[in-house]
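Okay, here's what each chain looks like letter by letter:
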Amino acid sequence: MSQFTQKVAAWRDRFIQEVDGEQGSLILDVLIGMAIFALVALIAVSAVDSYRQHAYLTSVTSDAQSIGLAVEAKATDSTYPASLDDAAVESLGQHLTKDDTVSAYSTDGVTGFCLVITHDDDAYAIYDSTQGGITTKQEGSGLGLSCTVGG
């Protein structure tokens, strides 16, 4: 027997188990192992998606709170901004988290303002100064939402 053939035979003997005189249970063992691995992977992906959604919600809430406070601070010095877009946020000294955007803003110019911060289609938060801060934070699309002061 050649050296190569001996190595192949040793490899085969090491990986093929005999169960009650039958060979070939290795394939069944591998399939069961793959099924268990797939189940664990499915659970892990689900958990990661849940953590991601929570991170998006935390992101928009934080951005809405910090931008809301910056607008309040500006209003004590002058008036509420007539409009608020991403560039205006930068002029207030604030920075939006990546993929977050100001999707709606309204003010009556005197008593307060309302703004909506969204993260793509994943989460949104609404800040209303007349109601004391964050009024709504939720997973899901906030695109197309509008807000009214005090509403």
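The rules behind each value
Residues numbered from 1 in each chain as written. Predicted model: local features only at pLDDT ≥ 70, side-chain atom pairs only at ≥ 80, totals over all residues. Heavy atoms only, no water. Buried < 20%, exposed > 50% of the residue type's maximum accessible area, 1.4 Å probe, protein only. Helix = DSSP H or I, 4+ residues; strand = E, 2+ residues; numbered from the N terminus. Pairing = 2+ DSSP bridges. Core = buried A, V, L, I, M, F, W, Y, C linked by side-chain atoms within 4.5 Å. Contact = heavy atoms within 4.5 Å. Axes fitted to C-alpha atoms, helices over the stretch in contact; angles between N-to-C directions. Phe/Tyr/Trp six-rings, centres within 6.5 Å; stacked < 30°, edge-to-face > 60°. pLDDT = per-residue confidence, 0-100.

J.: Mind showing me how you'd approach the pairing of strand β5 (residues 123-128) here?
T.: Within a regular strand, the side chains alternate between the two sheet faces. Of all 6 residues making up β5, 6 are buried, and the element is well covered by its neighbours. Burial of β5 is two-sided: the residues Ala-123, Ala-125 and Tyr-127 facing one way and the residues Tyr-124, Ile-126 and Asp-128 facing the other way are all buried. Where strand β4 (residues 113-119) folds back on β5, the antiparallel hairpin that results is connected by 3 residues, among which Asp-120 adopts a positive phi of roughly 45°. As judged from the 6 bridges shared by β5 and strand β6 (residues 133-139), these two strands associate in the antiparallel manner. Of the residues in β6, the one forming a bridge with Ala-123 is Glu-139. Remark: 4 residues form the turn of the hairpin made by β5 and β6, two consecutive strands paired antiparallel; Gly-132 in that turn has positive phi of roughly 90°.

J.: Looking at this model, I keep getting lost on the nonpolar core. Mind explaining?
T.: In a soluble, globular protein the nonpolar side chains are often hidden away together inside. In terms of nonpolar packing, the biggest core is built from 21 residues, with Ile-67, Val-71, Leu-84, Tyr-105, Phe-113, Leu-115 and Ile-117 touching the most fellow members. Among the elements of the structure, α2 (25-77), α3 (86-91), β3 (100-107), β4 and β5 are those that each provide at least two residues to this core. The element best represented in this core is α2, accounting for 7 residues. Sequence-distant contacts of Ile-117, defined by excluding residues within four places in its chain, comprise Val-60, Asp-63, Ala-64, Ile-67, Leu-96, Asp-100, Thr-101, Val-102, Ala-123, Tyr-124 and Ala-125. Among the nonpolar cores identified, the runner-up in size contains 6 residues, and Ala-104, Tyr-124, Ile-126 and Cys-147 belong to it.

J.: Mind showing me how you'd approach the sheet that holds β5 here?
T.: Remark on secondary structure: sheet strands pair via backbone hydrogen bonds, oriented parallel or antiparallel. Pairing in this open sheet of 4 strands is antiparallel, and the strands run β3-β4-β5-β6 from one edge to the other. Looking along the sheet, the strands with just one partner apiece sit at the ends: β3 and β6. For this sheet, the mean angle separating the axes of adjacent strands, direction not counted, is 15°.

J.: For this particular structure, what's the right way to read the environment of Gln-53?
T.: In this fold, Gln-53 is placed in helix α2. Sequence separation of Gln-53 and Gln-138 is 85 residues, and the distance between their C-alpha atoms is 9.9 Å. Dropping the residues within four chain positions of it, Gln-53 is found in contact with Asp-122 and Glu-139.

J.: Can you walk me through the packing of aromatic side chains in this structure?
T.: The relative placement of two aromatic rings is captured by the distance of their centres and the angle of their planes. Inspection of every chain in the model, using the stated rule, returns 3 aromatic pairs. Arranged with centres 5.5 Å apart and planes meeting at 15°, the rings of Phe-113 and Tyr-127 form a pair that is stacked. One end of the pair, Phe-113, is in strand β4; the other, Tyr-127, is in strand β5, and 14 residues separate them in sequence. For the pair formed by Phe-113 and Tyr-127, the shared burial category is buried. Three or more aromatic residues joined by ring pairs form one cluster here, namely Tyr-80, Tyr-105, Phe-113 and Tyr-127.

J.: Even after reading the chapter, I still don't get the confidence of the model for the protein chain, so can you show me in this structure?
T.: If pLDDT is low for a region, its predicted coordinates should not be looked at in detail. The predicted model of the protein chain has a mean per-residue pLDDT of 83, with 89% of residues at 70 or higher. At the low end of the mean pLDDT range in the protein chain sits strand β1 (residues 18-19), at 50; at the high end sits β5, at 92.

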